[in-house]
Amino acid sequence: MFEALGNRLTGVFDKLRRRGALTDADVQEALREVRVALLEADVALPVVKDLVTRVRERAVGQEVIRSVSPAQQVIKIVNDALVEALGGGEGDDGKRGLDLNAPSPVPILMVGLQGSGKTTTSGKIALRLRTRDRKKVLLASLDVHRPAAQLQLQTLADQAEVTGLPIIAGQTPRQIAERAMDVGRRELYDVVILDTAGRLAIDEALMAEVAEVKAFVKPHETLLVVDAMTGQDAVNTAKAFQEKVGVTGIVMTRVDGDARGGAALSMRAVTGAPIKLLGAGEKLDALEDFHPDRIANRILGMGDIVSLVERAAETIDQAEAEKLAKKMQKGSFDLEDYASQLKQINKMGSLSGILGMLPGVGKIKSQIENANLDQTMLKRQAAIISSMTPKERRNPDLLKASRKRRIAAGSGTTVQDVNRLLKQFDEMSAMMKRMNKLGQKGLMRGGLGALMPGLGNRRPF
């Protein structure tokens, strides 16, 4: 979502880095380019003015100009300003995600316009609460206007393995909410998620219906779901809901699309409500906490290692990882283990998304995407390994010409693709054997050259 903005800002800061010393004029020119980049990213004009003013007050002065690394000082100041604009900074209490600190059942009211992803987000939150927080969740649809809206939420409840409130035709949203809270109390649910109806545009009937339900339920969390792809319209929607209904947090959906990111930067300043969650895909597990500091790091090309580690911890099977580590130590790594690693990578998401969390990768992100790694390399390798017999996976030395032709035909690839996979596997196996042979002290002495002595002669890929 922040790719275009990140590329523009990276270009601005690269110019600063190439200059040994900075003058006031250099900083002012950089700030003009930052201002244009923010406006092009669809950030609200008052937010842009405030952010640039804060940066100018801190950046223009002898302290930055005479510092050892003035360009890095300017980047840090811009980073701090972005964090503040996104809702972090000194007033940030460090709490992220949903606030469930209330007597059970905790009511969560989902509001928003039709098509923003509100019903899907309700299912995502239910799955998240069940799996990560070990909560007993009840899902209830209050949408009596959109055809099959209640059936859609019931389907999502089944997929998330939580309970959906039984559908009774003819009830009003207020009656459904009353029944949901009654079931929640009697059957000892921890959380009750109430999915309200949406409209194509904000109108008085929608606001009155939501306000009536809110006044009766008194939800602990009122979450507004907005589509990041709608840009400043998302900010206007949030402002209207905040003024007429009142929201405690915002969930932005479709942040994995090509939206320019201005809505996220404007949301906190315009509405006063924090962004709590981000929806990054259609799958039910594609939901993550919003961290202002990590988002600012991504925008400035510094990566997001913490989120990458957290995603790995959530998706990687610990027992499987330990088993694989032992096999590596013994030097008995085979193609079945290699296939297992490919599956683990797929669970973590797309390769371009994973690489985008690494520092400095933003500059070559376009080349990564043009290489089409996600759609070609991993799927092709998985298909090749799947076309082998268990015996061949455990002992790749059995793979002679006739077997390779059979595997290539079975996987829809070529013999060259099979040979390429086997070469990569052989190099990986050889590297692991060197690691075991050198041990920790040898690795520290020899460095990377000890593992891959021919690395310097390889062509870049």
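No experiment lies behind these values; they were computed from the predicted model shown.

Undergrad: Break down the nonpolar core for me, citing the residues and quoting the values.
TA: Counting 77 residues, the largest nonpolar core has Phe13, Leu38, Leu194, Phe241, Met252 and Met267 as the members making the most contacts within it. Counting residues per element, this core draws most heavily on helix H5 (residues 70-85), at nine residues. Two domains each donate at least three residues to this core, and these are domain 1 (1-86) and domain 2 (106-302). Leu38 has contacts with Leu5, Val43, Val48, Leu51, Val52 and Leu265, leaving out every residue within four places of it along the chain. Core analysis: the second largest hydrophobic core is formed by 22 residues, Met110, Ile125, Val162 and Leu223 among them.

Undergrad: Please set out the environment of Leu324 residue by residue, giving values where relevant.
TA: Within the secondary structure, Leu324 is located in helix H14 (residues 318-330). The exposure class assigned to Leu324 is buried, which follows from its relative accessible area of 7%. Aside from chain neighbours lying at most four places away, what touches Leu324 is Phe333, Asp337 and Gln341.

Undergrad: Please set out the environment of His145 residue by residue, giving values where relevant.
TA: If you trace the backbone, His145 turns up in the loop between strand S2 (137-141) and helix H7 (149-160). Residues His145 and Gly198, spaced 53 residues apart in sequence, show a C-alpha to C-alpha distance of 8.5 Å. Among residues more than four places away in sequence, those in contact with His145 are Ala197, Arg199 and Glu209. Polar contacts involving the side chain of His145 include one to the side chain of Glu209, which spans 2.9 Å.

Undergrad: Describe the side chain of Lys404, listing the residues and the values that go with them.
TA: Relative to the elements of secondary structure, Lys404 occurs in helix H20 (residues 401-411). As a buried residue without a salt bridge, Lys404 has its nearest oppositely charged side chain in Asp426, at a separation of 8.1 Å. The residues contacting Lys404, other than those within four sequence positions of it, are Leu399, Val415, Val418, Asn419 and Leu422.

The rules behind these values
- Just so you know, the residues in each chain are numbered from 1, in the order the chain's sequence is written.
- The model is predicted, so local features are restricted to residues of pLDDT at least 70 and side-chain atom pairs to those at 80 or more, both for listing and for counting; the totals for chains, interfaces and linings are taken over all residues.
- Only hydrogens and water are set aside when side-chain values are computed; all heavy atoms of the structure are taken into account.
- The term nonpolar core refers to a set of buried residues drawn from Ala, Val, Leu, Ile, Met, Phe, Trp, Tyr and Cys, joined through side-chain atoms within 4.5 Å.
- Three exposure classes are used, based on accessible area relative to the maximum for each residue type with a 1.4 Å probe and protein chains only: buried under 20%, partly exposed in between, and exposed over 50%.
- Helix and strand definitions here come from DSSP, where helices need a minimum of 4 consecutive H or I residues and strands a minimum of 2 consecutive E residues; each element is numbered from the N-terminal end.
- What fixes the domain bounds is an automatic or database domain assignment.
- Contact criterion: two residues are considered in contact whenever any of their non-hydrogen atoms come within 4.5 Å of each other.
- We call two N or O atoms a polar contact when they sit within 3.5 Å, provided that within protein one can donate a hydrogen and the other can accept it, with sequence-adjacent residues counted only if both atoms are side-chain atoms.
- Counted as positive: Lys and Arg. Counted as negative: Asp and Glu. His and the chain ends are not counted at all.
- When a carboxyl oxygen of Asp or Glu is within 4 Å of a side-chain nitrogen of Lys or Arg, the pair counts as a salt bridge.

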